[in-house]
Amino acid sequence: MAAVFRAVLGFPLVNAHAPLLAQDEPGPCLESNAAGRSSFLIVVDHASARIPKKLRNLGVAEKDLERHIAWDIGVLALAQRMSDALDAHLIAQAYSRLVIDCNRDPDVDSSIPKISEHTEIPGNQQLSADERRARRQAIFDPYHARIRAVLDARLAAGRPTILVAQHSMTDLYKGSRRHMHAAVLYNRDRRFAALTLEALRREAHLTVADNEPYFVSDATDYTVPKHGEGRGLPHVEIEVRQDLIAAIEGQEEWAERLVRALKDAESAFSNA
């Protein structure tokens, strides 16, 4: 997986976050187009299925690490294409949400899941406080510190920011089929999300859900409440169904669609 990041996306593989991560493993942040000039900052909390070598795959079978329980399938390639088209800075998380979920408050028990969907995660059972802290310090904290630093720098430079939290969702969850193609999510502040939803729904053949099958909340999310709402920034969280973006053709199609919708929403937001 590291070779894929390097060859396809050009992300640096630098690690200064021992002891959980080995020196030849990537650090917690994957970045692209840091000099991007647009107002958009794209973040991807569940970009990778990578497990630190020290954790021995958490006792999870390889086939399960390829499933949606470990990562948001297709989302990193999708977000990279969006970043390129928008000229937007992209910050993505380099390790599986099974290690620690970077869109959960670390104080919440589900931050390090003991079971995901129907799959038990052996390496997450009965963790000590020190073991939980090590994962937070190596992965969660530096990822969000990087997002904060970028937002601080943009604010200091007087640059406007629109935060886009990009995700993907499985088409089949606990036996229930999801028929929406995508979803737009938000919490208390619906301003930019509503404009994005309106733009996406102009394609009549698409089913784009409004705060379904998930919704953003302080209890279940971290990125939007802390970096979007917490700073009063316009923001949106977008989910695209994974079977639609698992292949290159779908990633290209949806990148074009989301870029178009985000630009339309940006224009409408600026003129409101």
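Now for a description of the structure that goes with this document.

Here is what the cut-offs are and how they apply
By convention here, each chain's residues receive numbers from 1 onward along its written sequence. Where local features are concerned, this predicted model is filtered to residues with pLDDT of at least 70; where side-chain atom pairs are given and counted, the filter is 80 or more; whole-chain, interface and lining totals use all residues. Water and hydrogen atoms were dropped before computing side-chain values, which therefore reflect all heavy atoms in the structure. Burial status follows relative accessibility: with a 1.4 Å probe on protein chains alone, a residue under 20% of its type maximum counts as buried, one over 50% as exposed, and anything between as partly exposed. Numbering goes from the N terminus for both helices and strands, where a helix is a DSSP run of H or I of at least four residues and a strand is a run of E of at least two. This arc is taken over the directions from the axis of the helix to the C-beta atoms. Any pair of residues with heavy atoms lying within 4.5 Å of one another is described as a contacting pair. For two strands to count as paired, DSSP must find a minimum of two bridges between them. Angles here are taken between N-to-C directions and fall from 0 to 180 degrees, while the axes themselves are lines fitted to C-alpha atoms, restricted in helices to the stretch in contact. Side-chain atoms within 4.5 Å are what join buried Ala, Val, Leu, Ile, Met, Phe, Trp, Tyr and Cys residues into a set we call a nonpolar core. What counts as a salt bridge is simple: a side-chain nitrogen of Lys or Arg found within 4 Å of a carboxyl oxygen of Asp or Glu. A helix is expected to reach a length of 1.5 Å times the quantity of its residues less one. Convention used here: angles under 35 degrees read as roughly parallel, angles over 145 as roughly antiparallel, angles from 65 to 115 as roughly perpendicular, and any remaining angle as oblique. For any helix crossing, the convention is left-handed if the near helix is rotated counterclockwise from the far helix by under a right angle, and right-handed if that rotation is clockwise. The residue classification treats Ala, Val, Leu, Ile, Met, Phe, Trp, Tyr, Cys and Pro as nonpolar and Asp, Glu, Lys and Arg as charged. All others, Gly included, are polar. Put simply, two rings from Phe, Tyr or Trp (the six-membered ring, in Trp's case) pair if the centres are within 6.5 Å, and we call them stacked under 30 degrees between planes, edge-to-face over 60, tilted for the rest. Lysine NZ or arginine CZ positioned within 6 Å of the ring centre and within 35 degrees of the ring normal marks a charge as sitting over the ring.

It is worth spelling out helix α5 (residues 191–200) at this point. Taken together, the buried positions of α5 are occupied by Phe192, Ala193, Thr196, Leu197, Ala199 and Leu200. Buried positions in α5, seen along its axis, are confined to an arc of 160 degrees and lie on one side of it. Elements in contact with the buried residues of α5: β2 (40–44), β6 (162–169), β9 (182–185), β10 (208–210), β11 (235–241) and α8 (248–271).

Attention shifts here to the sheet that holds β9. Sheets are built from strands that pair by backbone hydrogen bonding, the pairs being arranged parallel or antiparallel. Strands sit in the order β1-β3-β2-β6-β11-β9-β10 across an open sheet of seven strands; the sheet is mixed. Edge positions in the sheet fall to β1 (29–32) and β10, since each has one partner strand and no second. Direction aside, the axes of adjacent strands within the sheet are offset by 20 degrees on average. Bridge analysis of β9 against β10 gives three bridges, and the strand direction is parallel. Each bridged residue has a counterpart across the sheet, and for valine 184 the counterpart in β10 is aspartate 210. In the packing of α5 onto the sheet, the strands contacted are β2, β6, β9, β10 and β11, and the crossing angle to β11 comes to about 35 degrees. The sheet strands contacting α8 are β2, β6, β9 and β11, and the helix crosses β11 at an angle near 160 degrees.

We now examine the nonpolar core. Residues Ile42 and Leu262 are the most contacted members of the largest nonpolar core, which totals 78 residues. Filtering out sequence-adjacent residues up to four positions away, isoleucine 42 remains in contact with Ala79, Met82, Ser83, Leu86, Ala88, His89, Leu90, Ile91, Val164 and Gln166.

Before going further, it helps to spend a moment on unusual backbone geometry. Residues glutamate 212 and proline 213 are joined by a peptide bond in cis, for which omega reads 0 degrees. In this structure, proline 213 sits in the loop between β10 and α6 (223–228). In this structure, asparagine 57 takes a positive phi of about 60 degrees despite not being glycine. With respect to the helices and strands, asparagine 57 occurs in the loop between β2 and α2 (62–65).

Turning next to the pattern of salt bridges. According to the stated counting rule, one finds 21 salt bridges in the structure shown. Among the ionic pairs, lysine 63 bridges to aspartate 64, the shortest N-O distance being 3.9 Å. For lysine 63, a relative accessible area of 59% puts it in the exposed group. The shortest N-O distance in the salt bridge between arginine 97 and aspartate 72 comes to 2.9 Å. Note that arginine 97 is positioned in the loop between β3 (89–93) and β4 (115–116) and aspartate 72 in the loop between α2 and α3 (75–86), a separation of 25 residues in sequence. Across the pair, aspartate 72 and arginine 97 agree in class, each one buried. Each member of the salt-bridge network shares a partner with another, and the members are Lys63, Asp64, Arg67 and Glu117.

As a further point, take α3. End to end, α3 covers 16 Å across 12 residues, agreeing with the expected 16 Å (1.5 Å per residue, within 8%). Of all the residues in α3, the buried ones are Val75, Leu76, Leu78, Ala79, Gln80, Met82, Ser83 and Leu86.

As a packed pair, α5 and α8 sit with axes 8 Å apart at the nearest point and diverge in direction by 130 degrees. One finds that α5 runs oblique with respect to α8. Every pair of crossing elements has a handedness; the one defined by α5 and α8 is right-handed. Contact residues: Arg191, Phe192, Leu195, Thr196, Ala199 and Leu200 in α5; Arg257, Leu258, Ala261, Leu262, Asp264, Ala265, Glu266, Ala268 and Phe269 in α8. Residues that form the contact of α5 with α8 fall into these classes: 10 nonpolar, one polar and four charged.

With that settled, consider the pairing of β3. For β3, the tally of buried residues reaches five of five residues, placing the bulk of the element in the interior. Burial of β3 is two-sided: the residues His89, Ile91 and Gln93 facing one way and the residues Leu90 and Ala92 facing the other way are all buried. Pairing of β1 with β3 involves four bridges; the strand directions are antiparallel. Within β3, the residue paired with cysteine 29 across the bridge is glutamine 93.

What follows is about the packing of aromatic side chains. This structure, assessed with the given rule, holds three aromatic pairs. Residues phenylalanine 140 and tyrosine 222 carry aromatic rings whose centres are separated by 4.9 Å and whose planes lie at 75 degrees to one another, so their mutual orientation is edge-to-face. On the criterion of sequence distance, the pair formed by phenylalanine 140 in helix α4 (residues 129–156) and tyrosine 222 in the loop between β10 and α6 is long-range, its members being 82 residues apart. Pair check on accessibility: phenylalanine 140 and tyrosine 222 agree, each one buried. Taking 5.9 Å as the distance between ring centres and 70 degrees as the angle between the ring planes, the aromatic pair formed by phenylalanine 192 and phenylalanine 269 counts as edge-to-face. Of this pair, phenylalanine 192 sits in helix α5 while phenylalanine 269 is found in helix α8, placing the two residues 77 residues apart along the sequence. You can call phenylalanine 269 partly exposed: its relative accessible area is 25%. Taken together, the aromatic side chains of Phe40, Phe192 and Phe269 make up a single cluster linked through ring pairs. The ring of tryptophan 254 has arginine 257 sitting right over it, with the charged end atom 4.4 Å from the ring centre.

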